[in-house]
Amino acid sequence: MGNIHIPLVFTNTGKTACTLRGFPGVSLMLEEGTPVGKPATRSGAAGGTLRLKPGQSAYAVLHTVNDGVSDTPCWSTAQLVRPTRPAPRTR
């Protein structure tokens, strides 16, 4: 209860295969681009290297908690989620 899990999808929109490795990152932002709080922290082991053909997708799961579950002061409500892809390599 109080937990939210959201898939963060990365799609290879290029014309050649690429690989992803490591953790993606994510930051919450206000509409004008101001960060809300600190970037998300990572937990668990990093996944292995994934090879994506053009048009293929891979995903990571974002985890957060519902409002009112924390005893710390509230942040502003974010309008944007800014993902940072895992380390890519085009091959």
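Just above, that's the structure.
Cut-offs and rules
- Residues numbered from 1 in each chain as written.
- Predicted model: local features only at pLDDT ≥ 70, side-chain atom pairs only at ≥ 80, totals over all residues.
- Heavy atoms only, no water.
- Pairing = 2+ DSSP bridges.
- Helix = DSSP H or I, 4+ residues; strand = E, 2+ residues; numbered from the N terminus.
- Core = buried A, V, L, I, M, F, W, Y, C linked by side-chain atoms within 4.5 Å.
- Buried < 20%, exposed > 50% of the residue type's maximum accessible area, 1.4 Å probe, protein only.
- Contact = heavy atoms within 4.5 Å.

Asks: Explain the sheet that holds strand β3 (residues 25-29) to me, please; I cannot follow it from the model alone.
Replies: Taken in spatial order, the 3 strands of this open sheet run β4-β3-β7, and their pairing is antiparallel. Each of the sheet's edge strands pairs with one partner strand only, and the pair in question is β4 (35-36) and β7 (80-84). Here 5 bridges tie β3 to β7, and the two strands are oriented antiparallel to one another. Residue pairing across strands places M29 opposite L80, the latter belonging to β7.

Asks: Honestly, the nonpolar core in this entry has me stumped. Any pointers?
Replies: A general feature of soluble globular proteins is that nonpolar side chains tend to end up buried together. Core analysis: the biggest nonpolar cluster contains 6 residues, these being L8, F10, C18, L20, L52 and A58. Every element with two or more residues in this core is listed here: β1 (3-11) and β2 (18-21). The residues contacting L8, other than those within four sequence positions of it, are P24, G25, A58, Y59, A60, L62 and P83.

Asks: Would you explain the pairing of β3 in this entry?
Replies: The element β3 is largely enclosed, with a buried count of 4 among its 5 residues. Bridging between β3 and β4 involves 2 bridges; their strand directions are antiparallel. From the neighbouring strand, M29 faces β4, where its bridge partner is P35.

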